[in-house]
Amino acid sequence: MTDILSYAGALDILGCERPRLAKAVERAAAVPPTGWGGAAVPAAGLVELRGEIVRYTEDTVRGVAARRGGDTRFVRTRRLAAAHAVIVVSAYFEALGEEARPPVTLERLDHTRHPEAAERYAALVRSLLATGLPTPEPHRPYEETRRAVRLVHRRMSEALLSYARGLPVWGELPAGDRARLPALFADGPEAHALRVYDEDYRLLALDRPEFGRWSLAAEQPPPGAGLSRVARLLAELAPPRTGDRPVIHLVRLAAGALDQPLMAGREPPDDVTLPLLGEGYITPRCRVAELAATAAEPPRPAARSWWAGQRALPDTEAFLVGHLTSLGATQAPLVVLGEPGAGKSTLVEVLAARLAGSEFLPIRVRLHDVVAESTVLSQIDQGLRTSLGEDVRFEELVEAGQGALPVVLLDGFDELVQAAGEGRHDYLEQIQEFQARQYRVGRPVAVVVTGRTVVADRVRFPDGLVVLQLRPFEEDQVRRWLDIWDQANRAVLARRDRAPLSAGDALAHPELATQPLLLLLLALHDATGDGVRGAGPIGRAQLYEALIRGFARREVARDASAVGLPPPRLRALVDRELVRLGAVALSMFARGRPVAAAAALDADLAALCGPGSGADRATRRFFFARRTSAHRTGNGTDGYEFAHATFGEFLVGWLAVFAVRELVRRHDLTGGELAAAPAQDLDDDLLYAVTSFSCLAERGPIVGFAVELLAGLPARERERAVELLGVLLRESLYERRRRSFTAFEPVRRPVTRRLAAYSANLTLLIVAASAAPVRVSELFGGPDPLARWTSHAHLWRSQLGDGGWSGLLAAMPALRVSEHGERDILLGGPAEPPGGDGLGWWFGHGLGRRATVLRHRIRVFAERAYLLNPDTDLLADLLDEGADPPLLLRPRGRVASLPRLLRDLLTGEPLNPDDRLARYLDAITAATAPGLPPDARLLALIAHAVTIDGARLPFAGRGRIVSELLHAGADHALLRPLVEAMIAERFESWESLVEAGIPEDVLRKIHSP
């Protein structure tokens, strides 16, 4: 719960025509939190102050409710927030009236009766009137706001009681009254104040509808379409704006997309009609979370499992209206996360259209169209240039808006972060700073930013940020969407004697039907292809491939030259169409942009697919590929893009798998045996051209599509693919003098970058095609496979960029294993756990019967300037410069470093007494190993930890620790607190300590220095 306004701040916004109240509030606001600082004491006493506050509320709050016209959107928001702050405080003062009847009245506490307490009275007034107050928030139910207000009233009671305790009147009260006073305040004024607040809140919400939206809606409405309730709710707040300058009309025209199809592109196939956005977009249901650094569980917005435990948002449209009309909208961005195809971009597109007809000024910025490294303000200006086709600066647009509140919709921060790498991990913080700067210069701005859930762990989330996650469709949403689809295509389906796709048939494929984009594709496939009724399980890749193949097959069949061709030849022609589309997607993927200029695509297609394979020919038959304006390509010429990023991601994955299948087919055609097929003899030219520019894992869905497509191949073909890819991988870093497709170069890459991408993608494809996790020893073979693995991994880390390397780690989990004394690494199975025994994997072989200590020479300090990696600097910060950390090799159990042992002891782990005792003895052994310089600080830390543990450890065990510390040379003064505590613990402790190995004369020196 964010404390935004104080009572003093509220009066500053609303104005105050009561001089004595205004003076008291002004003086209260002038007091620094650390003390009164000699400022003047308010003249009004508590009785007069109460009367002024109550009367002000009666006049002013009614005025806020009655004042409906003439103010801008943000001014009304501030006035409503101020009115709420006023009723929070006035409810408490009203409850302090005569009906409360506490043992000590306000008259007896008046500072005029106690001149000596004037400064304390001033501090009291500051506490009551100049402290931040909770504000309702649309992601929190009213009950949470009410609890926060109750805590405010409790704080106000405590301030009054603290002030009263310092007055003579406190000593005049009977002891029983003094003891009962806190409870009397809680049951009397505080309880009554909450009832007054409830009534004032209700009246304000009735008078001002937007205020009622500032609390989480409790009821879930039926599935809505096109955010139509947003438009209706906004219309209740203010009439449509008229008389704006032409540039504002231009912006609103650009935002008006409700009459566009659900998926903008070319004409859909076979007379199928796509519902319009304003009719066919189903309002999503969401989960909402406020990311607080103080939460018991650290926020993990990139984890689906974490979202499962977050609050469901019953009414998304009411939340959006409540958020955009609240103060919080101009203080921090609202982040919307979702899976690919969940409808993030469509949400902001429809929201922009609904806001365009109201007192808001929507500015939609597609982040994949802007320079990733540019500032937030520059990105907005670039977005305006793209959408309007002319240079318009954000500041000029806001000025032209004449009070319309700008709402910047930044769509696709995941693409921006992936393009810019680690340099934009603070992107959300930069957005918040941009909002703060605009607020300070009088241009408050709301910001909504969207992105894929999986990329959320690559940016920092400011404390208190509100995040939505779009949930999959529920059954009633699927039914509503299919009803809309049926209405749009009933005539077409009737002509083909096809029944509409039922919810039951669609929900038989829940992974598809519950995602908006996939549900649309499922309906298209049902209307134009073989149908899904009674079909077996359909995966995502299978759906995309069936849909695209269906389009290609129909287009090929229309060509007169294809009539009468045998099925294998027809399949080859269809494959050629998909290869061309895949080349378009690959060209965009390699460039790192979802848009590519026509001339560049023509050159790439000619190089990869042969003459006559231009971009227009490759895309014109497919409705999900579309032309774009010159403003989108960035080089002044028209270009192409896919209607949704997942089409391009599927086609890149499909093309990679197609290249693998071609590798197998060509090798089998030659009749060659694997043993006689060195890498130089394998025709991997197409595979190299497709996979050597970017790591496929830069886009997680590409790997997912490839895995699914490979899983659909016959088992024998997959085995052959794994064997041939392995041969290529083992030779992938060696020079190959002759290759085809050398003219295909969508981007110019260093040789090291291309070899890194190629070898990484070969490894990914091997793991994806394998039926079980892959061992590195089998992958690389030879005398030292782990060394070869390490050299490849270092190459990948250095060359693939942050996006490729992070994606590779996520797509291909690695786990170190050790079996029968042999070390190995498993790829494609479980990931290495955070608490895994990494040191044991390195040093735990051939352990003797006794614990031993070794020194490991580290190079981290020398490597920092070479690697320029914050991970290296962080590791160096945890180590002592110039000292190689000792490692303890236990005869049984894990290998541990001395810093880890000390950390465990000081943080209370492990909890088992026997395990802690063993950990203490290990720490002493490691700290005093031969060859290490003596370090009294380490022994002091160990002694301190034992003293804190006390009786948690067995008495005899503590005695043994003391004995070991003495033998290690610990100073007697360090052990004195521990020994004295043990002697006082039990009668026979002296004898027990002697039996533990502590000489009696030493014990006397420690106990009696």
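The chain appears in an unreviewed UniProt entry as AAA+ ATPase domain-containing protein from Nonomuraea ferruginea.

**Q** So what exactly am I meant to see when it comes to the overall build of the chain here?
**A** On a plain count of helices and strands, the chain comes out with 47 helices and 18 strands. Looking at the 1009 residues of the chain, the share that counts as buried comes to 53%. In the structure as shown, the chain presents an accessible area of about 44500 Å², 52% of it carried by carbon and sulfur atoms.

**Q** Explain the environment of Cys695 to me, please; I cannot follow it from the model alone.
**A** By secondary structure assignment, the location of Cys695 is in the loop between α31 (685–691) and α32 (700–711). Look at Cys695 and you get buried, because its relative accessible area is 1%. In this structure, the C-alpha to C-alpha distance between Cys695 and Gly801, residues 106 residues apart in sequence, is 9.4 Å. The contacts of Cys695, once residues within four sequence positions are left out, are Phe589, Ala757, Asn761, Leu764, Leu800, Gly804 and Leu808.

**Q** Help me out: how do you make sense of the packing of helix α41 (residues 898–906) against helix α42 (residues 913–927) in this one?
**A** Geometrically, a packed helix pair is captured by the angle between its two axes and the distance between the axes. It is the contact of α41 with α42, at a shortest axis distance of 9 Å, that shows an interaxial angle of 145°. For α41 against α42, the interelement crossing comes out left-handed. Contact residues: Leu898, Leu901, Asp904 and Leu905 in α41; Arg916, Arg919, Tyr920, Asp922, Ala923, Ala926 and Ala927 in α42. Tallied by class, the residues present in the contact of α41 with α42 amount to 7 nonpolar, no polar and 4 charged.

**Q** Would you mind going over the sheet that holds strand β11 (residues 625–628) with me for this structure?
**A** Pairing between the strands of a sheet is mediated by backbone hydrogen bonds and can be parallel or antiparallel. Ordered by their spatial adjacency, 3 strands build an open sheet running β10-β12-β11, and the pairing between neighbours is antiparallel. The open sheet has two free edges, formed respectively by β10 (595–597) and β11, since each of these has just one partner strand. In this sheet, neighbouring strand axes are inclined to one another by 30° on average, regardless of whether the strands run parallel or antiparallel. Taken together, the 4 bridges between β11 and strand β12 (residues 639–642) define a ladder with antiparallel strand orientation. Residue Thr628 lies in a different strand from β12, and its bridge partner there is Gly639. Docked against the sheet, helix α26 (residues 567–591) engages β10 and β12, running at close to 100° with respect to β12.

**Q** In this structure, what is going on with the pattern of salt bridges? I would like to understand it.
**A** Side chains that differ in sign of charge can pair as their charged atoms come close. Under the criterion given, the structure shown has 54 salt bridges. Arg458 is the partner of Asp802 in a salt bridge, and the nearest nitrogen-oxygen pair spans 2.9 Å. Here Asp802 is found in helix α37 (residues 801–811), whereas its partner Arg458 is found in the loop between β8 (446–452) and β9 (465–470), with 344 residues between them in sequence. As far as burial versus exposure is concerned, Asp802 and Arg458 are alike and both buried. Across the pair Asp575 and Arg549 runs a salt bridge, and its minimum N-O distance is 2.5 Å. Here the residue Asp575 occupies a position in helix α26, and Arg549 occupies one in helix α25 (residues 540–557), the gap between them amounting to 26 residues. Look at the salt bridges and you will find they share partners, linking Arg73, Arg76, Arg208, Glu210 and Glu359 into a network.

**Q** I'm lost on the packing of aromatic side chains in this one. Help?
**A** For any pair of aromatic rings, the description rests on two quantities: the centre-to-centre distance and the angle between the ring planes. In this structure the tally under the stated criterion is 21 aromatic pairs. Between the aromatic rings of Phe74 and Tyr439, the centroid separation amounts to 5.7 Å while the plane-to-plane angle is 85°, which identifies the pairing as edge-to-face. Taken together, the positions of Phe74 in helix α4 (residues 73–95) and Tyr439 in helix α20 (residues 427–440) put the pair 365 residues apart, joining distant regions of the chain. Here the aromatic rings of Tyr688 and Tyr758 are separated by 4.9 Å at their centres, their planes lie at 75°, and the arrangement is edge-to-face. One end of the pair, Tyr688, is in helix α31; the other, Tyr758, is in helix α34 (residues 751–769), with 70 residues separating them in the sequence. Grouping residues by exposure puts Tyr688 and Tyr758 together as buried. Taken together, Tyr544, Phe551, Phe624, Phe642, Phe647, Phe650 and Phe705 form an aromatic cluster joined through their ring pairs. Sitting over the ring of Tyr688, Arg739 keeps its end group 4.0 Å from the ring centre. Between Arg739 and the ring centre of Tyr758, over which it is positioned, the NZ or CZ distance is 6.0 Å.

**Q** Can you walk me through the packing of helix α36 (residues 785–799) against α37 in this structure?
**A** The contact between α36 and α37 brings their axes to 7 Å, and the two run at 135°. Judged by the angle between their axes, α36 and α37 are oblique. Contact residues: Ala793, Trp796, Arg797 and Gln799 in α36; Gly801, Trp805 and Leu808 in α37. Residue composition of the contact of α36 with α37, by class: 4 nonpolar, 2 polar and 1 charged.

**Q** What is the right way to look at α25 in this model?
**A** An α-helical turn contains 3.6 residues, so any two residues separated by three or four positions project in the same direction. Between its first and last C-alpha, α25 extends 26 Å over 18 residues, near the 26 Å set by a 1.5 Å rise per residue. Ala541, Leu543, Tyr544, Glu545, Leu547, Ile548, Arg549, Gly550, Phe551, Ala552, Glu555 and Val556 are the residues of α25 that are buried. Where α25 is buried, its residues contact α23 (510–513), α24 (516–528), α26, α30 (645–670) and α32.

**Q** Help me understand the sheet that holds strand β6 (residues 360–366), please; the structure alone is not making it clear to me.
**A** Taken in spatial order, the 7 strands make up an open sheet running β4-β3-β9-β5-β8-β7-β6, and their pairing is mixed. Sheet topology places β4 (311–313) and β6 at the edges, where each strand pairs with a single neighbour. Recorded for the sheet is a direction-independent mean angle of 25° between the axes of neighbouring strands. Relative to β9, strand β5 (residues 334–338) runs parallel, the two being bridged by 3 bridges.

**Q** Looking at this structure, how should I read the environment of Gly531?
**A** As for its placement among the helices and strands, Gly531 is situated in the loop between α24 and α25. Residues Gly531 and Arg498, spaced 33 residues apart in sequence, show a C-alpha to C-alpha distance of 9.4 Å. Apart from the residues within four sequence positions on either side, Gly531 is in contact with Arg498, His525 and Asp526.

What counts and what doesn't
- One numbering rule holds for all chains: residues counted from 1, following each sequence as written.
- Owing to the predicted nature of the model, reporting of local features is limited to residues with pLDDT of at least 70; listing and counting of side-chain atom pairs is limited to 80 or more, with chain, interface and lining totals taken over all residues.
- Heavy atoms throughout the structure, all of them, feed into the side-chain values; hydrogens and water do not.
- Each helix is a run of H or I in the DSSP string that is no shorter than four residues. Each strand is a run of E no shorter than two, and both are numbered from the N terminus.
- Categorising residues by exposure relies on relative accessible area from a 1.4 Å probe, with only protein chains included: less than 20% of the type maximum marks a residue as buried, more than 50% marks it as exposed, and the intermediate range marks it as partly exposed.
- Reported accessibility uses the Shrake-Rupley method at a 1.4 Å probe radius. Residues are deemed covered only where the shown protein chains occlude them.
- The contact criterion used throughout is that any non-hydrogen atoms of two residues lie within 4.5 Å.
- Fitted lines through C-alpha atoms serve as axes, helices being fitted only where they are in contact, and the angles separating the N-to-C directions of these axes extend from 0 to 180 degrees.
- Each crossing gets its hand from how the near helix is turned against the far one by less than a right angle, where anticlockwise is left-handed and clockwise is right-handed.
- Amino acids outside the nonpolar list (Ala, Val, Leu, Ile, Met, Phe, Trp, Tyr, Cys, Pro) and the charged list (Asp, Glu, Lys, Arg) are all regarded as polar, and Gly is one of them.
- Two strands are counted as paired when DSSP detects at least two bridges linking them.
- A side-chain nitrogen of Lys or Arg and a carboxyl oxygen of Asp or Glu constitute a salt bridge if their distance falls within 4 Å.
- Paired rings are identified among Phe, Tyr and Trp, the last through its six-membered ring, by centres lying within 6.5 Å, and are further divided according to the angle between planes into stacked (under 30 degrees), edge-to-face (over 60) and tilted (the rest).
- Here, a charge over a ring is recorded when the distance from Lys NZ or Arg CZ to the ring centre is within 6 Å and its angle to the ring normal is within 35 degrees.
- For classification purposes, an angle smaller than 35 degrees is called roughly parallel, one larger than 145 roughly antiparallel, one from 65 to 115 roughly perpendicular, and anything else oblique.
- Under the convention used throughout, the expected extent of a helix is 1.5 Å for every residue step, that is, one less than its residue count.

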